[in-house]
Structures are given as C-alpha cells and as structure tokens.
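Here are the chains, one letter per residue:
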Amino acid sequence: MKNMITQNSPILEVNGLNVNRNGAPVIEGATFTINRGDYVGIVGPNGGGKTTLLRVILNFLPYTQGFIKLFDTNLTNFSSWEKIAYISQQATNFEEQFPLTVRELVSLGCIKKGRLGRNFTSEDWKNVDNNIEFMGLSNVANRRIGQLSGGQKQRMFVAKALTHKPELIILDEPIVGVDSNAQEKFYKKLSDLNIKHQTTILIVTHDLASVFCRMSKILCINKNVELANITPNLDTTQLLKRAYGEHFHFVFHQHSCEGEFPHEH
Amino acid sequence: MNINFFNLFSYNFFQNALIGGIIVAIVCGLMGLFLILKKEAMIGDGLSHTAFGGIAIGLLMGINPIITALATSILAVFTISYMRRKKIATSDSAVAIMLAIGFSTGLIIISIAGGFNIELFNYLFGSILTITLSDLLLVSALSTFVLLFIGFFRRELLSMIFDEEDSKLRGIPTNYLTIIFDILTAITIVLSIKIIGTILVIAILVIPGLCALKLNLSFKKTLLTTTLFSTISTTTGIIISAIFNIATAGIIVLVLVTFFIITLIYKKLE
C-alpha cells in the first residue's frame, strides 16, 4: 500500500503555465503532472519550446503565468536541487582539450552544497567508480574526456549525474551525432535506471520509436503541451499530428520494439 | 664580487630571489592554467598594465608600490567583470580598455613627477635579484592565500569553468567564487610583476599551462606539470641572470618558449 503511494506521488506539477520569450508566447497553458518513476519522452518540432519549458522548470528562465511545483514545493521556494540532475543540449560540446579524465569529470558530481572545499572520501570514489561501471565506461575511465565518442560522452554525463543520486533526471536532446546502435544502448541504460532505481526520467528526443518502445509517457510540445500515457490503445497518429502538424506521418508497430529498430522518417 | 654557480647559493640576495621566484612561479602557473581554461588569459595582460599605473601612483605618493598596484588591479578586474556581465563590452575589449587606462595613467604620472625612472624600469621588466626581505614576506603571505584557496576549491573552480549552469544547480556559489577568483588573479599579477615585470607577466602566466595542456594528462597531472614548467624556467632564469648579469625576465621567457617548442615537437612525434 505504502509502495502504491510513493509510486503515484507527483514529482513535477505544471499548471496553466505561460512562457513568453522576447514578447512572443512560446508555451501556452501547459498543464501536466509527472509522477515518481515515470519515463517520459519529450517530443515536438524544433523551436516548439521543449528546451524553453525545461529551462523554466529548472528556474533558469522566467515564466509569465501559472505555477510549477517540484517535489511538492513551489518552484520559487524550491531548494533541493540535489534531487535533480540536468544534462543540457550543450553538455557534450565541451572543449576537446579540457584536461579531465572521465573519472575526474564524473567525480565533480560529488561536489555538494554545504560541503564545499572538502576532499573526496574513498566512499566518494567508490560511488564514482560504481557509476562509471554502471554506464559501461570502466575501460575508458582514465581517458581524457575529449577522446570519447559521442555516445560515451553522453553516458559519462549520466554517470556524473548519478553520483549525487538524483530522483529526477532531465536530459535535453542528448543524442546528436551518435550512431543508432549507441543511441539504442543509451536508451536501454536509462530504462535500467528507471526500472531498478525508480529514477524519474524526462528526455527530449527525436527518436519516436524509442519513446513508444521504452517509455511510459509522452509529452508533446509545440507551444501547447499534451501529456499522454503510452498504452497499446494510444492513437499515436492523431497525437503526433497535433504536435507536428497535419502532414506528419509516423507509423508505429509494437513488434518493432524487438531487437532492431526501423529507421524513422 | 665574483659570482659563480658554486658560491651563488651563499648570497643572501640570491636566496631571497630564488625563494620568492619559486613561490610566485607556482602561483602564476596554477592561476594561469585556470585562466586559460576560462579563456581569459589575456586578462593577465590587461591587469599587469593597470598595475603599472598603480605602481606609478605608489612611487609618487611614497607608498609600497605593490599595495597600490594591488588596489588598481583589483579595481580593474572588477570593472572588466562588470562590463562583461552588463554586456557593455566583450571580455577582450574590456581588457583592452582597462589596459589602456592603466598604462596611460602610469605614463602621465611619470611625465608629471619624473625622477623615479629607474625604479619604474624595474617594475616594467622585473627585478627579482633586488627583492627585499619585506617584499619577500608580502609575496609569501599573498601567495599562501592564493595557494590555499586553489588547494581547497580547485574542484569547485574546475566545475564552474567546465559548466557554470550545472555548477549553480549543484549548489556551488558561482558568483562568490568568481569574485574571489578575480581578486586572486589581480594578486597573482601584482606578485609576478616583481619577478618578471609588467610587460612579460603574460608569458609566465600562460606558457606553463599551455605546455602542460598539450600533454593530454589528467587534471591532477596537468596541475603538477604546470608547476614544474613554471618553477624550472624561473629557477633557470634567476641562476643564469645572477651569474651572467642578464635580464631575468628575458631568460625565463626564453626557457618557457623552449619548453613550449619541445612539447609541440613531442606532440608531433607521439
């Protein structure tokens, strides 16, 4: 019974949210609730407001109307940011020459508010190594971060995020310039995380097949925001047409989730 | 006075110079590395020229020029920060403006006052061999402060430079950290003026870190290698200049450039 309650406890509530950027509305009347343990794919056309919405939720950008609650606390009063990990669109675009090994970068996730300037303990390092292993990066742990492939870089940032044991992970379009094989592996890893640790995941993606195969909810954003549970009865065609426009065509078959994914478009 | 390599270390002036030089070399190398990573290395050039104005003010008013130089540099670094933050000017233009203001202030004071040209010359090109005990104490105190800060907060600094937004989210007080880092930069520049002079400060600030970065090492090893490069070049510079009576700053920069060329060749062969 207790388990049921935590399962359905809301982690993020957005109600009647309006966001303007440079005078123009970007998000209008967004209302949705994300519960603990949800694995949410965020989709929508470029410029539809996906990144803006996430950045408003993270308090990096202001909003004009509505309210946002994180972990049952109004955004304006929210301070438990250690519960949240955010991997931005630009995360993997770092300076190639930056003098950090994978292990060193992941360890930066151990920096904690209130314990600044302290040395890392052997426990911290164990935590770092466990997460590197979990994300399948043990063999490159001592390499410089600039020498990794795109997919490895992504997993490295997730490993860094995991070191502070977040309850909510927000990833903004993390897979650009990553081959589809690595991409599928990455989504699989996130599924593991979602199932094993009940970590709530919000991920911006263009890979619709992966959303319908792996995730529990889909959040369509194109100025308007619509959240849907992914069930076999979901009318994907109508949902996506509302987000992408009448001309959008996407056919999804449940059986395509086994093994190889068909190439979209 | 017949100085050679074997009796060199028994001279008081040389001991002072060597101790002061090594301390400052370590501070400069480390702060320089962070500045390179922040892509703000040229701030060092801007601040050293503003410090020149401060030195002239100090000499005119009979105050220890290190103190007045410190004041003008800190003022300059805050002004640069402010202009950048308020988008009044980009980082490099803001540096250019402060550089010009500081240096021209120095020039005006020289032409009005006259008389301390030789002293000023020492600050322009460095004069580590004439460092006094009181200067050495001041240099050591300030350096200890900088080194302690880097020692404790190197990870937070690195995290902030790597990804400021994420660091904020992690609860790192990036605004305070930036202010303290700016002050430490000003301190570092002023310290190194005594050794290498206003004009060439940028070399000892940038080249050791640049060499170390070329070697593709971990952060820990990059810090150590940077320190090594800056210490070796400064020590060599001080020894050679004491024996052969050649300008210290010139030798230091020459050694640094040699290191740089060697690392480039090493990179090519690797």
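Before reading on, note that the structure itself is shown above.
As the structure is a computational prediction, the values presented were derived from the model and not from experiment. (Residues numbered from 1 in each chain as written. Chains lettered and ligands numbered in written order. Predicted model: local features only at pLDDT ≥ 70, side-chain atom pairs only at ≥ 80, totals over all residues. Heavy atoms only, no water.)

**Some thoughts on the sheet that holds strand S2 (residues 24-35) of chain A**
Residue and element names in this part refer to chain A.
Part 1 of the argument: Overall, antiparallel pairing links the four strands, which are arranged S2-S1-S4-S5 in an open sheet. Each end of this open sheet is capped by a strand with a single partner; those strands are S2 and strand S5 (73-74).
Part 2 of the argument: Pairing geometry for strand S4 (residues 65-70) and S5, over two bridges, is antiparallel. The residue of S5 that forms the bridge with Lys 69 is Asn 74.
Part 3 of the argument: Packing against the sheet, helix H2 (residues 50-57) makes contact with strand S1 (10-21), S2 and S4, and its axis sits at approximately 120 degrees to S1. (Pairing = 2+ DSSP bridges. Helix = DSSP H or I, 4+ residues; strand = E, 2+ residues; numbered from the N terminus. Contact = heavy atoms within 4.5 Å. Axes fitted to C-alpha atoms, helices over the stretch in contact; angles between N-to-C directions.)

**Side note on the interface of chain A and chain B**
Part 1 of the argument: Chain A puts 30 residues into the contact, and the matching count from chain B is 25 residues.
Part 2 of the argument: At the boundary of chain A with chain B, total buried surface from both sides reaches about 2600 Å², with 59% on carbon and sulfur atoms.
Part 3 of the argument: At the junction of chain A and chain B, the tally comes to three salt bridges.
Part 4 of the argument: Along the lines of polarity and charge, the residues of the side of chain A that touches chain B split into 16 nonpolar, six polar and eight charged. (Buried area = accessible area lost by both parts, 1.4 Å probe. Salt bridge = Lys/Arg side-chain N within 4 Å of Asp/Glu carboxyl O. Nonpolar A, V, L, I, M, F, W, Y, C, P; charged D, E, K, R; others polar.)

**Considerations on the pattern of salt bridges**
Part 1 of the argument: Counting across every chain of the model gives 11 salt bridges over all chains.
Part 2 of the argument: Measuring nitrogen to oxygen at the nearest pair gives 3.2 Å for the salt bridge that ties Glu 96 of chain A to Lys 153 of chain A. With Glu 96 of chain A in the loop between strand S6 (84-87) and helix H3 (102-107) and Lys 153 of chain A in helix H5 (residues 150-162), this residue pair connects regions lying 57 residues apart in the sequence.
Part 3 of the argument: Relative accessible area serves as the criterion here: at 9%, Lys 153 of chain A is assigned to the buried category.
Part 4 of the argument: A salt bridge links Lys 38 of chain B to Glu 40 of chain B, with the nearest nitrogen and oxygen atoms 3.5 Å apart. (Buried < 20%, exposed > 50% of the residue type's maximum accessible area, 1.4 Å probe, protein only.)

**Concerning the layout of surface pockets**
Residues and elements named next belong to chain B.
Part 1 of the argument: Empty space within the largest pocket amounts to approximately 1100 Å³.
Part 2 of the argument: Forming the walls of the largest pocket are 34 residues, and the residues nearest its centre are Lys 38, Met 160, Ile 161, Phe 162 and Glu 164.
Part 3 of the argument: Looking at the lining of the largest pocket, the elements that each hand over two or more residues are helix H1 (12-37), helix H3 (65-85), helix H6 (133-162), helix H7 (164-169) and helix H8 (174-214).
Part 4 of the argument: Among the elements that make up the lining of the largest pocket, the one with the highest residue count is H8 (eight residues). (1 Å grid on protein atoms, 1.4 Å probe; cavity = no way out; pocket = protein on both sides within 12 Å on 5 of 7 lines; lining within 4 Å. Points joined across faces, edges and corners; volume = space filled by probe spheres on them.)

**Things to note about the nonpolar core**
It is characteristic of soluble globular proteins that their nonpolar side chains tend to be buried jointly.
Part 1 of the argument: By size, the foremost hydrophobic cluster in this structure holds 139 residues, and its most contacted members are Leu 100, Ile 145, Met 156, Leu 171, Leu 190, Ile 203 and Ile 218 of chain A.
Part 2 of the argument: Considering each element in turn, this core owes the most residues, 21 residues, to H8 of chain B.
Part 3 of the argument: Grouped together as the second largest cluster of nonpolar side chains are 34 residues, Phe 32, Ile 57, Tyr 86 and Leu 202 of chain A included. (Core = buried A, V, L, I, M, F, W, Y, C linked by side-chain atoms within 4.5 Å.)

**Re H2 of chain A**
Residue and element names in this part refer to chain A.
Part 1 of the argument: Within H2, seven of the eight residues are buried, which leaves the element mostly enclosed by the surrounding structure.
Part 2 of the argument: Considered for burial, the residues of H2 that qualify are Lys 50, Thr 52, Leu 53, Leu 54, Arg 55, Val 56 and Ile 57.
Part 3 of the argument: Looking one or two places after H2, you find Asn 59, whose phi comes out positive at around 70 degrees.

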